[in-house]
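Breakdown of the fold
Here's the letter readout for the chains.
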Protein chains: 2
Amino acid sequence: MSDTGEPPVKKLKKSDLDAGSTPEENLPEVFREYNIVQNALNIIAEQSSGVIIRIECNYNAIKTPYLEQRNEIIKKIPRFWITAFMNHPKMAALIADEEEDCLNYLSAIFVEDCIDPYNGYRVHFHFSPNPYMENEVITRNYYHHGEGVPCLLSSVINWKPGYDLLHIIRRRYALSRSPPQPGRPVPLFRQTFFSWFDDLSTSVKDTIGEILRDEIWINPLQYYLLSEHENAVNVVDCI
Amino acid sequence: MSDTGEPPVKKLKKSDLDAGSTPEENLPEVFREYNIVQNALNIIAEQSSGVIIRIECNYNAIKTPYLEQRNEIIKKIPRFWITAFMNHPKMAALIADEEEDCLNYLSAIFVEDCIDPYNGYRVHFHFSPNPYMENEVITRNYYHHGEGVPCLLSSVINWKPGYDLLHIIRRRYALSRSPPQPGRPVPLFRQTFFSWFDDLSTSVKDTIGEILRDEIWINPLQYYLLSEHENAVNVVDCI
């Protein structure tokens, strides 16, 4: 620090700092003392999260009839969900061009939060009859099992012949890469809305589920009403 | 999609999709219906967070004597906090070289979580007598005021003459930039541990506070025991 022109900082010796503290050979005993207290703290933390999850579940049960009523109202608004999705920048980025038309048939969503004592969630997507898939409902379920291990369950999508959107997107992606690699498997493309149902990896964040649960589901009309020329303040004025 | 060889997807007309749905001129009435239900949901959500914050506060009060006891045990371990900080990669990156020696004198930390109904937190840093600062305790307080506006309060650090670490780091940073700009104010340097006390901007995440509250404070011995050659699994074995 001499180049700064400041007085040199007096470096204390190790012995100065250790005065009155525990020699290294006695540390295991100190760690044991620490551990007794830490275990008590862990137990309180577990009790606290157990109580809080139960309360959240109770409040979610109170919310359910209102959420169902909200869904019925939303059904009266044309193309509500695809509009809300496309107005959410992070969600819009996850929807491939080929998926947009199919999502016009998305008639209802229901997010079940906190479905078990391990703070899971389940999202149901209801589709009206459409040229793409046989399923009326597809579901994605994220939960914790036993000691908190994250688990995922997803519906298998029954695409109608020739309308497998993932196949179509994958092929477009493969064709866009030149030169194609003969004999090699078609490369993976970026995650998209429907590929999310195929992705059962728990090592990464469940992005679409979290956007839905924590942002869109809170008040989806806010997103529906957003457009490129409006901001959240205008929306508040509007409703 | 014709280049993929897939059958063309039948694009439905707007009129197909809107069959049975509400014409645009009737949408304001639908939005009003929506808003009544959404208001009910918002009230339930507010009640729920109020209840949850009260429960968290109660559990924090139960934890307090154990946390104080843990702090007394930690005081027996030489250079506990600086070691724990330097073993936490994100925290270590925020500590400037010039700050390390001063942090050897950090004798205790206390994180008060959930100190008011707006989910604030306060972190107290206790220092033993040292060549750098007059303060025995410096505090950083993050809380929400009134309608949830985030607020910050920080202790003013009384540096001893010639030992103002922020001045020393700022000067080193300015000297490292060539050519120096005469007449220009000394440029800002990256956030460091002590500059955090000067930074009262609420527009960015309170990173150091959140690392302390949500990671280190949960079980600081885990970080103290980590070294470059150990991982979390070894630590669990060790204690």
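Just so it is clear, the structure is predicted and the values come from calculations on it, not from any experiment.

The next point concerns the overall build of chain A. Helix and strand content of chain A: 9 helices and 4 strands. Per-residue burial over chain A gives 44% buried out of 239 residues. Of the roughly 13,000 Å² of accessible surface on chain A, a fraction of 54% belongs to carbon and sulfur atoms.

Right, let's get into the packing of aromatic side chains. Scanning the entire structure with this criterion turns up 40 aromatic pairs over all chains. On the numbers, 6.2 Å between centres and 65 degrees between planes, the contact of Phe31 of chain A with Tyr224 of chain B is edge-to-face. Taken together, the residues span two chains, with Phe31 of chain A in helix α2 (residues 27-74) and Tyr224 of chain B in helix α9 (residues 220-225). Since its relative accessible area comes to 15%, Phe31 of chain A is described here as buried.

The next point concerns the sheet that holds strand β4 (residues 149-154) of chain A. All names here are of chain A. Strand order in the open sheet made by the 4 strands is β1-β2-β3-β4, with antiparallel pairing throughout. Two strands close off the open sheet at either side, each with one partner strand: β1 (106-113) and β4. Between one strand and the next, the sheet's axes are offset by a mean angle of 10 degrees, whatever the strand orientation. Sheet analysis places strand β3 (residues 137-145) next to β4, joined by 6 bridges and oriented antiparallel. Residue His145 lies in a different strand from β4, and its bridge partner there is Val149. Its contacts with the sheet place helix α7 (residues 207-214) against β1 and β2 (121-127), and it is angled at close to 90 degrees to β2.

The next thing to look at is unusual backbone geometry. The phi angle at Arg79 of chain A is positive, at roughly 50 degrees, despite the residue not being glycine. Relative to the elements of secondary structure, Arg79 of chain A occurs in the loop between α2 and α3 (80-86).

Glancing now at the confidence of the model for chain A. All names here are of chain A. Looking at chain A as a whole, the pLDDT averages 82, with 76% of positions reaching at least 70. Below a pLDDT of 50 lies the segment residues 1-16, which in the model reaches 27 contacts outside its immediate sequence neighbourhood of four places, other chains included. Reported confidence for the predicted complex is 0.77 by ipTM and 0.71 by pTM.

Moving on, we get to the pattern of salt bridges. Evaluation of the coordinates by the stated rule reveals 18 salt bridges over all chains. The closest approach of N and O atoms between Lys76 of chain A and Glu33 of chain B, which form a salt bridge, is 2.8 Å. Residue Lys76 of chain A is found in the loop between α2 and α3, and its partner Glu33 of chain B is found in helix α2 (residues 27-74); the two belong to separate chains. We classify Lys76 of chain A as partly exposed; its relative accessible area is 32%.

Residue and element names in this part refer to chain A. Here the domain parsing of chain A yields domain 1 (24-76) and domain 2 (77-178 + 188-235). Listed by partner, the interface residues are 13 residues for domain 1 and 17 residues for domain 2. The junction of domain 1 with domain 2 conceals about 1,200 Å² of combined surface from both sides, 60% of it contributed by carbon and sulfur atoms. Counting the surface domain 1 buries against domain 2, the share from its top three residues, Arg70, Asn71 and Ile74, is 44%. There are 0 salt bridges connecting domain 1 and domain 2. Here domain 1 is connected to domain 2 by 6 residue pairs in polar contact (both at pLDDT 80 or more). Looking at the side of domain 1 that touches domain 2, its residues break down into 5 nonpolar, 3 polar and 5 charged.

Thresholds, definitions, all that
- Residues numbered from 1 in each chain as written.
- Chains lettered and ligands numbered in written order.
- Predicted model: local features only at pLDDT ≥ 70, side-chain atom pairs only at ≥ 80, totals over all residues.
- Heavy atoms only, no water.
- Helix = DSSP H or I, 4+ residues; strand = E, 2+ residues; numbered from the N terminus.
- Buried < 20%, exposed > 50% of the residue type's maximum accessible area, 1.4 Å probe, protein only.
- Areas by Shrake-Rupley, 256 points an atom, 1.4 Å probe, with all protein chains shown as cover.
- Phe/Tyr/Trp six-rings, centres within 6.5 Å; stacked < 30°, edge-to-face > 60°.
- Pairing = 2+ DSSP bridges.
- Axes fitted to C-alpha atoms, helices over the stretch in contact; angles between N-to-C directions.
- Contact = heavy atoms within 4.5 Å.
- pLDDT = per-residue confidence, 0-100.
- Salt bridge = Lys/Arg side-chain N within 4 Å of Asp/Glu carboxyl O.
- Domains from an automatic or database assignment.
- Buried area = accessible area lost by both parts, 1.4 Å probe.
- Polar contact = N/O pair within 3.5 Å; in protein donor to acceptor, adjacent residues only side chain to side chain.
- Nonpolar A, V, L, I, M, F, W, Y, C, P; charged D, E, K, R; others polar.

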